[in-house]
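Reading the structure
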Amino acid sequence: MNKIIRKEQFSEKVFLFEIEAPLIAKSRRAGNFVIVRVGHKGERMPLTIADADIKRGTITLVVQKVGLSSMKLCNLNEGDYVTDVVGPLGNATHIEKFGTVLCAGGGVGVAPMLPIIKALKEAGNRVLSVLAGRSKDLIILEDEVRANSDETIIMTDDGSYGEKGVVTVGMEKLIKQEHIDKAFAIGPPIMMKFCCLLTQKYNIPTDVSLNTIMVDGTGMCGACRLTIGGKTKFVCIDGPEFDGALVDWDEMFKRMNTFKDVEKDEVEHLQD
Ligand code: FES
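It should be emphasised that the depicted structure is a prediction, and the values quoted were computed from it without experimental measurement. (Residues numbered from 1 in each chain as written. Predicted model: local features only at pLDDT ≥ 70, side-chain atom pairs only at ≥ 80, totals over all residues. Heavy atoms only, no water.)

**Side note on the packing of aromatic side chains**
What counts here: Each pair of aromatic rings taken from Phe, Tyr and Trp, with Trp reduced to its six-membered ring, is defined by centres within 6.5 Å and is described as stacked if the planes are under 30 degrees apart, edge-to-face if over 60, and tilted in the remaining cases. Runs of H or I in DSSP of at least four residues are treated as helices and runs of E of at least two as strands, each being numbered from the N terminus. A simple rule labels every residue: compare its accessible area, found with a 1.4 Å probe on the protein chains alone, to the largest value its type can have, and call it buried under 20%, exposed over 50%, or partly exposed in between. Any Lys NZ or Arg CZ found within 6 Å of a ring centre and within 35 degrees of that ring's normal is scored as a charge over the ring.
Counted under the stated rule, the structure contains 1 aromatic pair. Seen from their ring centres, F98 and F184 are 6.3 Å apart, and the 65 degrees between their planes marks the pair as edge-to-face. A residue pair is termed long-range when its members are at least 10 positions apart, and F98 in the loop between β8 (84-89) and β9 (100-106) and F184 in strand β13 (residues 182-186) qualify at 86 residues. Judged on exposure class, the residue F98 and its partner F184 are both buried. Taking the ring centre of Y161 as reference, the NZ or CZ of K136 above it sits at 5.2 Å. Its end group placed over the ring of F184, K182 keeps NZ or CZ at 5.5 Å from the ring centre.

Here is the structure:
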């Protein structure tokens, strides 16, 4: 059982949780994720670690209410316990001094992007960040990103904050402004796909972090499998980060929708 130390509400559906997990806090690296369960029969939810505090023995997760399990988690409060947290899982982000790096985060994708931005900065890169969301209240962790980036652009679909437009508009502005050596994009799959189409046009190698359906998170069940560069890969042990140009996005969209109807029924049942 892992205790919730702090809960913060970012927007109607997005919450930050600081959870006691001292061993994970000590060993996690940028890019690692955990699998969280609420209830002994609960679904196993993969969540990327947004931050960790070794002294407090805590990790920070940002969760969006999208289905039954995330709803159950978001309904918990400070002092409550999560049934279990397993990790750190997955490979750490490959960090080196690339030069100038463009980091694009969409919605809650900014949370897993933050440790990458910090690690890139620490490695001596010039870091340019683009944060995007549908509207102002969906822009999260702006201060933390700004503190670790050389330049930050905010994009909102409705123009309620920053510049009006989608994430790729902000990215292209920076690409035209200066030479970019490397890019990272994390957010909804459709956003990552379009980020990669843009960077491919400019020959910028781009890594994406995939958040597929997972069960065990250790390479045994095959639930997270995807085709990357024509080969079957398991996101949990081969990823979660991959070269975005090699991802079969259509297959990813299809697999993410596999349990949509079951999920809808369960959520309606919960709300009855
Ligand atoms: Fe089971 Fe990846 S989650 S193989």
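**Details of the confidence of the model for the chain**
Low pLDDT means the predicted atomic positions in that stretch should not be read closely. As a reminder, the rule being used: On a scale of 0 to 100, pLDDT captures the predictor's confidence in every residue.
Summing up the model confidence of the chain, the mean pLDDT is 91 and the portion of residues at 70 or higher is 94%. Across the predicted assembly, pTM comes out at 0.89 and ipTM at 0.98.

**Topic: the pattern of salt bridges**
As a reminder, the rule being used: Salt bridges are defined as contacts in which a side-chain nitrogen from Lys or Arg sits within 4 Å of a carboxyl oxygen from Asp or Glu.
Within this structure, the stated rule accounts for 13 salt bridges. Taking the shortest distance from any N to any O, the salt bridge between R37 and D84 comes out at 2.6 Å. Here R37, found in strand β3 (residues 33-37), pairs with D84, found in strand β8; they are 47 residues apart in sequence, far enough to count as distant. The pair formed by R37 and D84 is uniform in burial state, with each residue classed as buried.

**Remarks on the packing of helix α6 (residues 189-201) against helix α8 (residues 249-256)**
A pair of packed helices can be characterised by two numbers: the angle between their axes and the separation between those axes. We count it as follows: For helices, the fitted line uses only the C-alpha atoms of the stretch in contact; every axis is such a line through C-alpha atoms, and the angle between N-to-C directions lies from 0 to 180 degrees. Throughout, the term roughly parallel applies to angles under 35 degrees, roughly antiparallel to angles over 145, roughly perpendicular to angles from 65 to 115, and oblique to all others. For this analysis, residues touch if any pair of their heavy atoms sits within 4.5 Å. Under the scheme applied, nonpolar residues are Ala, Val, Leu, Ile, Met, Phe, Trp, Tyr, Cys and Pro; charged residues are Asp, Glu, Lys and Arg; polar residues are all the others, including Gly.
Across the interface, α6 lies against α8 with an axial gap of 10 Å and an inter-helix angle of 175 degrees. When the axes of α6 and α8 are compared, the pair comes out roughly antiparallel. The residues of α8 that touch α6, namely those facing P189, I190, M192, K193 and C196, are W249, D250, M252 and F253. In terms of residue class, the contact of α6 with α8 is made up of 7 nonpolar, no polar and 2 charged.

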